[in-house]
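Working through the structure, step by step
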Amino acid sequence: MAGPGESEIAGLIRPGRVHRRVYADPAIFDLEMERIFARAWIYVGHESQVKAPGDYLRTRIGRRPMVMTRHQDGSIQVIHNQCAHRGAMVVAKDSGNARQFECCYHGWTYATDGRLIHVPRRHGYPAHFDPDDPGTAMVAAARVASYRGFVFASLAADGPSLADFLGPMTTSFDDMVDRAPDGEIEVAGGVFKHAYDGNWKLYLENLCDAAHPVFVHRSSIDAARAQDDAAHSTGAGEIAVRQMRQNGAPHDFWREQVGIWTYPGGHAFLGDYHDDDKLVAASGDPLFAEYLVALQARKGAAEAKRIMEVTRWNSNVYPNLSFMSQFRQLRVVHPVAVDRTEVYTYAFRLKGAPARMFEDTIAFANVTNGTGSPVLTDDLETYGRIGAGVTSAGAEWIEIGRGYQTDRPDGKGGVAGIDSTSEVYIRNMYDAWLGYMAAP
Amino acid sequence: MSRPAPDEIAGFLVAEARLLDERRWEDWLALFAEDGWYWVPLEEGQENPRESVSLIYDDRRLLETRIRRLAEAALHAQTPASRTSRIVANATVEEEGAGEVTVRAKFEMVESRHDRRRVFAGTTWHRLARSGETFRIRWKRVDLVDCDAVHDGISVPF
C-alpha cells in the first residue's frame, strides 16, 4: 500500500494545531524515516570519539545502523553497518579500534571507509561479480561534514551545506567549544541510553518546553525544597538538589527572564532559567573562579566576559540533537518505531578547565539525563502517557498554539516567542517537518 | 567487630529486601549511615561514580531527596506504583576490617507496572558496620548484569 500523499500530509498541519496521526500512524513514521532522516543532516557523533586512525563508533541515521570511523587517511567516514554479501551486521561492538572490518559470516573484509578490500574464496562467485563496484561495500553516507568537532552525515547526495543547514545555530556550538580554556572539548564519562514508549518528536518538543517543569517535575521540586542542606554530600547530591529546585522557578521568572528563539530548519534554543550561583556563572563557587582564571588567561578578559554572557539552556538541532553548554550535555534522539524511541546522552570535558569541574558535569548528567534520575523518570513517564494517549481517536487536533499570535521576528532570520513558555519552537519544527514531508 | 555469623548477614539482606518490596522507603533510608551512599554503576567494573555517569549515584543528601520524592502525591513515574519481588542469595563476606564487613550477594527483582514486567538481576555489595543488634549500611553498590543496556526509566531502588 502506498504511503500518505502530499495533500494528505499537508492536511495534518493547521495553524497552531497538528493532527494526532503524526505521533501515532506507522505510515507517517515510515515516511519520516525516508523524507526527514534520509535527507537532513543527522548528528552522528563527535570527533573526539574517533581520535586515532581505526577508531570507530557505532551510531545511527534514523533506523539505519551506521559506523563512524577515523579512516587511515585521517578523514571521518560514516558507513552502513551491513555486509554487502548476505546483509549481516559487521561491527558488533559499540566502539573500538580496527584496521579493517571483517564480516563474521564469510569473511568479506572492508576498509575503514567501507570499501570492500578482500573476498575469500573468490572462485565461487558468478562471472559478473565485481568486488570493486562501489555498491559492493559497507555503503558510505553520501555526505559527511563537521562543525567545530560535531559530526553530521546525510544520506542525500544533494541538499544544503551543513553550514546552511545549521544557520544561526552555529553560535550554540561555538558557545559549547568556546568555554574550553584550551579551545577543545572531548566526550567523556560514559553514555546513558534511555527509552520510552512514544514518538521521537516528543523528545525535542519537551527540551525547550518552559511550561512543563512545575507540573511534570512537581515531585522532585517539592522533595528538593524540603531537603535539609546539612545532610552529608560529596558534592554530587548538592548539584542534583539545586537543579531540582531550579525546575520550580516561579512562572513570572519564566515569562520575564527566559526567552525562546527559533530558526529555519526546525532548530531552536531556550534561554537560561537559572539564578543559582553554584550551577551557572557560579560567582560564589571557588572552583568556578579557578576556571574563570584559566579561561581569562587563555582568551583574555574581554573574550572571557563575552563567552560568559552567552546564557543558553537547551539548543535543539532538528531532527535528532539537543545540547547545552553550561553543563556540557548532549542528547541524541534515535527513532525506533512510531511508538518507541531511544535517546543516548553524552557529557563533554572542557580541556584546560580544573579537573574537578568535570565531576559537576557528571553529577549534572546524572540528575538531568540519568535513567534513574528523580527528574528524567517523570519526563519519560509523560512521553509514555502521550504515546498511549494519541493512539485513540477523539481529540484529533493537538494544540501547539501557545503564544501563536505573539511570535515575532528576532532580527537574525529567526522567530522568537513572546516569552519562554511559547510553543513557537514546536510550530517551527512542524514548519520544517512539512518542508521535508511534503516534498516527494 | 567479630565476624558476623552467615545467618545474621543473610537475615539482614532479606530484611532489607522486604523493606524495599513493601515500599517502606523511610525505614530503608534509616539503614544507611549519616554519610552513607548508594550506587548503581552504568558500566561493568566502573571504578568511581565521580568521573563517569551512573544509573543512580546518591550521596546521603540526594538519597534523602529521592526517598522523600517517592512519597510525594504528584509522583507521575510511580503512578501507579511498581510492585516488586526480590530474591537475595549467595551472600559471602569478601573483606573485613575497621569494625566493618563488605558483603557480596546476588539478587533478582521482578518489577510489575502498567501491565508490564521487567526483570533486574545482578550483584550487590554492602559495606556494613555493626550497630547494636543490627548493622548500618556505610555504602551499597548494585552491579546490574545489563547496566549499560538501553533501559526505560528506573524509579525504584534495588
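The structure displayed is predicted, hence computed values, not measured ones. (Residues numbered from 1 in each chain as written. Chains lettered and ligands numbered in written order. Predicted model: local features only at pLDDT ≥ 70, side-chain atom pairs only at ≥ 80, totals over all residues.)

1. Thoughts on the overall build of chain B
Definition in use: Strands are runs of DSSP state E lasting at least two residues, helices are runs of H or I lasting at least four, and both sets are numbered from the N terminus onward. Using C-beta atoms placed from the backbone, we call a residue buried if 20 or more other C-beta atoms fall within 10 Å of its own, exposed if 12 or fewer do, and partly exposed for counts in between. Working definition of a contact: two residues with C-beta atoms, positioned from the backbone, lying within 7 Å.
Along chain B, the regular secondary structure elements total three helices and six strands. Along chain B, helices and strands appear, N-terminal first, in the series α-α-β-β-α-β-β-β-β. When the backbone C-alpha atoms are referred to their principal axes, chain B occupies close to 45 × 30 × 30 Å. For chain B, the residues scored as buried account for 40% of the 158 residues in total. Contacts in chain B between residues at least 24 apart in sequence constitute 54% of all its contacts with a sequence separation of at least 6.

2. Points about the interface of chain A and chain B
Put simply, the rule reads: Residue polarity follows a fixed list, in which Ala, Val, Leu, Ile, Met, Phe, Trp, Tyr, Cys and Pro are nonpolar, Asp, Glu, Lys and Arg are charged, and the others, Gly among them, are polar.
At the junction of the two partners, chain A supplies 43 residues and chain B supplies 35 residues. By residue class, the composition of the side of chain A that touches chain B is 19 nonpolar, 16 polar and eight charged.

3. A short note on helix H15 (residues 424–437) of chain A
Residues and elements named next belong to chain A. Selection criterion: Expected span of a helix: the number of residues minus one, times 1.5 Å.
Helix length check: H15 (14 residues) gives 20 Å between terminal C-alpha atoms against 20 Å at 1.5 Å per residue, within 8%. Here H15 lies mainly inside the structure; ten of its 14 residues are buried. Buried residues of H15: Val424, Tyr425, Ile426, Arg427, Asn428, Met429, Tyr430, Trp433, Tyr436 and Met437, and no others.

4. A look at the nonpolar core
All names here are of chain A. Note the threshold: Note on terminology: a nonpolar core is any set of buried Ala, Val, Leu, Ile, Met, Phe, Trp, Tyr and Cys residues joined through C-beta atoms within 7 Å. Domain extents, as shown, originate in an automatic or database domain assignment.
Judged by nonpolar contacts, the single largest core of 155 residues is most densely connected at Ile42, Val44 and Met68. Domain assignment of the residues forming this core places at least three in each of domain 1 (42–154) and domain 2 (167–437). Those residues in contact with valine 44 that sit more than four places away from it in its chain are Thr59, Ile61, Met66, Met68, Val78, Val151, Phe152 and Ala153.

5. What about the domain arrangement of chain A?
All names here are of chain A. You can read the domains of chain A as domain 1 (42–154) and domain 2 (167–437). Computed over C-alpha atoms, the centres of domain 1 and domain 2 are 33 Å apart. Listed by partner, the interface residues are twelve residues for domain 1 and 13 residues for domain 2. In terms of residue count, strand E3 (residues 42–46) provides more of the side of domain 1 that touches domain 2 than any other element does, three residues in total. Residues of the side of domain 1 that touches domain 2, tallied by class, amount to four nonpolar, five polar and three charged.

6. Structural notes on the packing of helix H9 (residues 236–246) of chain A against helix H13 (residues 357–369) of chain A
Residue and element names in this part refer to chain A. As a reminder of what qualifies: All axes here are fitted lines through C-alpha atoms, helices being fitted over the stretch that makes contact, and every angle between N-to-C directions spans 0 to 180 degrees. Any angle that is under 35 degrees is reported as roughly parallel, and any over 145 degrees as roughly antiparallel; angles of 65 to 115 degrees are reported as roughly perpendicular and all others as oblique. Each helix crossing is assigned a hand: it is left-handed if the near helix lies turned anticlockwise from the far helix by less than a right angle, otherwise right-handed if that turn is clockwise.
Packing of H9 against H13 leaves a shortest axis separation of 9 Å and a crossing angle of 50°. Classified by the angle between their axes, H9 and H13 sit oblique to one another. Between H9 and H13 the crossing geometry is right-handed. For the pair H9 and H13, contact is made by Ala236, Ile239, Ala240, Gln243 and Met244 and by Asp360, Ala363, Phe364, Asn366, Val367 and Thr368, respectively. Here the residues of the contact of H9 with H13 sort into seven nonpolar, three polar and one charged.

7. As for the environment of phenylalanine 253 of chain A
As for its placement among the helices and strands, phenylalanine 253 of chain A is situated in helix H10 (residues 251–257). For the pair phenylalanine 253 of chain A and tyrosine 43 of chain A, spaced 210 residues apart in sequence, the C-alpha separation works out to 33 Å.

8. Some points on unusual backbone geometry
Looking along the chain, the bond that leaves tyrosine 318 of chain A and enters proline 319 of chain A is cis, with omega of 10°. Mapped onto the elements, proline 319 of chain A comes out in the loop between strand E16 (312–317) and strand E17 (321–324). Backbone torsion omega between threonine 79 of chain B and proline 80 of chain B reads 0°, so that peptide bond is classified as cis. Relative to the helices and strands, proline 80 of chain B resides in the loop between helix H3 (60–69) and strand E3 (83–97). The phi angle at arginine 23 of chain B is positive, at roughly 55°, despite the residue not being glycine. Structurally, arginine 23 of chain B is set in the loop between helix H1 (6–21) and helix H2 (25–29). Unlike most non-glycine residues, alanine 98 of chain B shows phi in positive territory, near 50°.

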